[in-house]
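Coordinate inspection notes
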Amino acid sequence: MPQVFSLPFKDWAARPLAGVTVLQIIPGLEVNPTARAAIEIAAALGAAGARALVACAGGRMKGELQAKGGIFVPFPSRTKNPLAMALNVRRLARLIAVENADIVHARSRALAWVAFGAARLTKTPFVTTFPSVYQGSNSIAQRYNSVLARGDAVLVDSNFAADIIAKLHSPAAGKIRVVHQGFDCQVFTPDGVAPARVQAVRRHWKVAPHERIVLLAAQTRPGSGHKILIEAAGLLSRSGLAGVKFILACDKGENSALDRGIDRAIAAEGLHGIMYRTGPCDMPAALLAASMVVVPATEARAFGAAAVQAQAMGTPVVAANLGAAPEIVLAPPVVEESSRTGFLVPPGNAAALALAIASVLSLGATASGKLSSRAKKHVETCFSAEHMCAATLETYMDLQRRGTR
């Protein structure tokens, strides 16, 4: 059974990892969740008295890493060439020895193969982060992914992923720990968004002051469920729903077959002027501008960050009930009605999605306020960056106590 952490580490001032050196290895410091997590962990390690090294090819977030106390170590981390990876095993082993690293933490598959070899050469405790998107659909993929299950501790982002990984890679079952992806609750908070930012988003989307917004914030990729929302919006429009705009906020591409298919589906449902696609936006402001956020995913791996971010902003969420959704959006029968933080519907069911959207739009102020408060508390408790850092550092401390090296 994977270990789940629900409370932050209570006292960073105690400096529980004083003198410990942790080496994280990632592809680069570009703006993405992997780099963001590595930087947050580096900052937490510094607060706990540890040295935080991040080995990678560099990137735009290098300055932020260094400003938060992390130490950038140049490393040719982007190669997937087998010969170059073999050379990198020796290179990383030398780095571990020179820096006297106590723990190595790998956050990608190719680098995990390198780090696994180097950690074994130097007898250094090895931690992996196993993203749920790497579950593997065939034997070759599972073999390639298997290195992520070879850590002395294996961090996964949900109980759903933990169960699948334990079945696919049974030797890892006793080493899996659930550490939910962490979000900066100082960025995703209503108090952090000035009204002018919300107004700017509404103007950009050409939404009238009286109109409410149903937002889908996800890339147009297989499994994201855009066409399910389009069908649901068509049902609602034909039933007489008015004063609502449906916004698909994604990377707006004109040449993608998926994008063209979405545009055709919008036209076929007669949603011109009611629904349209738009490009990247000020996401905290967009979530606050929305009356609700919809996550109609039809594949578990397409369930993105929007459901957590929306709840952090206090915006109601309607999501497809698949994968880790019941951990992210709390709803009956998993919890009592009094603990609900959002709404779950059967995946691929446009009629059920339409009904849920109509129900959320009809919520009164009191019910909506209570739902918002519970959702924000849920994110702060389980999905904050502080919680992620505390759980990860607890893993490092456990390895130190066990004396795995």
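For every chain, the first residue of the written sequence is number 1, and numbering continues from 1 onward in sequence order. With pLDDT at 70 or above as the cut-off, local features in this predicted model cover only qualifying residues; side-chain atom pairs require 80 or more to be listed or tallied, and sums for whole chains, interfaces and linings still use all residues. Side-chain measures here rest on the full set of heavy atoms in the structure, leaving out hydrogens and waters.

1. Notes on the overall build of the chain
Helix and strand content of the chain: 15 helices and 14 strands. With the C-alpha coordinates aligned to their principal axes, the bounding extent of the chain is approximately 70 × 45 × 40 Å. Three labels apply to residues, based on accessible area from a 1.4 Å probe with only protein chains included: buried if under 20% of the type maximum, exposed if over 50%, partly exposed otherwise in between. Within the chain, buried positions represent 51% of all 405 residues. Contacts between residues were defined by any pair of non-hydrogen atoms, one from each residue, lying within 4.5 Å. Restricting to contacts in the chain with at least 6 residues of sequence separation, those with at least 24 account for 71%. Surface accessibility of the chain: about 17500 Å² in total, with carbon and sulfur atoms responsible for 56%. Only four residue types enter the tally: Lys and Arg on the positive side, Asp and Glu on the negative side, with His and both chain ends excluded. Charge positions come from single atoms, namely NZ of Lys, CZ of Arg, CG of Asp or CD of Glu. Counting 43 positive and 27 negative side-chain charges, the chain places the averaged centre of each group 6 Å from the other. Working definition: helices are DSSP H or I runs of at least four residues, strands are E runs of at least two. Numbering for both runs from the N terminus. Calculation of accessible area relied on Shrake-Rupley with a 1.4 Å probe; when residues are assessed, cover is drawn exclusively from the protein chains displayed.

2. Observations regarding the nonpolar core
Grouping buried Ala, Val, Leu, Ile, Met, Phe, Trp, Tyr and Cys residues that are joined through side-chain atoms within 4.5 Å yields what is termed a nonpolar core. Counting 36 residues, the largest nonpolar core has L23, I25, L92, F126 and V156 as its most contacted members. At the level of elements, β2 (21–25), β3 (51–56), α3 (82–99), β5 (103–106), α4 (109–122), β7 (153–156), α6 (159–168) and β8 (176–178) are the ones that each hand at least two residues to this core. Among the elements that take part in this core, α4 stands out by supplying 8 residues, more than any other. Residues within four places of F126 in sequence aside, it is in contact with V104, A106, A112, A115, F116, A119, R120, V147, R150, G151, D152 and A153.

3. Comments concerning the pairing of β5
Neither face of β5 is exposed, since I103 and H105 on one face and V104 and A106 on the opposite face are all buried. The sheet contact formed by β5 and strand β6 (residues 126–129) spans 3 bridges and is parallel. Looking at the pairing, H105 lines up with V127 of β6. By definition, the crossover connecting two strands over a helix is right-handed if that path, from the first strand to the second, turns clockwise as seen with the strands pointing away from the viewer. What joins β5 to β6 is α4, and the crossover it makes is right-handed. Criterion used throughout: strands pair if DSSP finds at least two bridges between them.

4. Quick word on the pattern of salt bridges
What counts as a salt bridge is simple: a side-chain nitrogen of Lys or Arg found within 4 Å of a carboxyl oxygen of Asp or Glu. Counted under the stated rule, the structure contains 15 salt bridges. When the shortest N-O distance is used, the salt bridge between K245 and E211 registers 3.4 Å. One end of the pair, K245, is in strand β10 (residues 244–249); the other, E211, is in the loop between α7 (195–204) and β9 (212–217), and 34 residues separate them in sequence. Just as K245 is buried, E211 falls in that class too. The salt bridge involving D398 is made with R401; its shortest N-O contact spans 2.1 Å.

5. Comments concerning the packing of aromatic side chains
Stacked, tilted and edge-to-face are the three classes assigned to paired rings of Phe, Tyr and Trp, where Trp is represented by its six-membered ring and a pair needs centres within 6.5 Å; plane angles under 30 degrees give stacked, over 60 edge-to-face, the rest tilted. If you walk through the whole model with that rule in mind, you get 1 aromatic pair. Directly above the ring of F116 sits R150, whose terminal nitrogen or CZ lies 5.4 Å from the centroid. Geometrically, a charge over a ring is one whose NZ (Lys) or CZ (Arg) sits within 6 Å of the ring centre while staying within 35 degrees of the ring normal.

So yeah, pure geometry; function would need other evidence.
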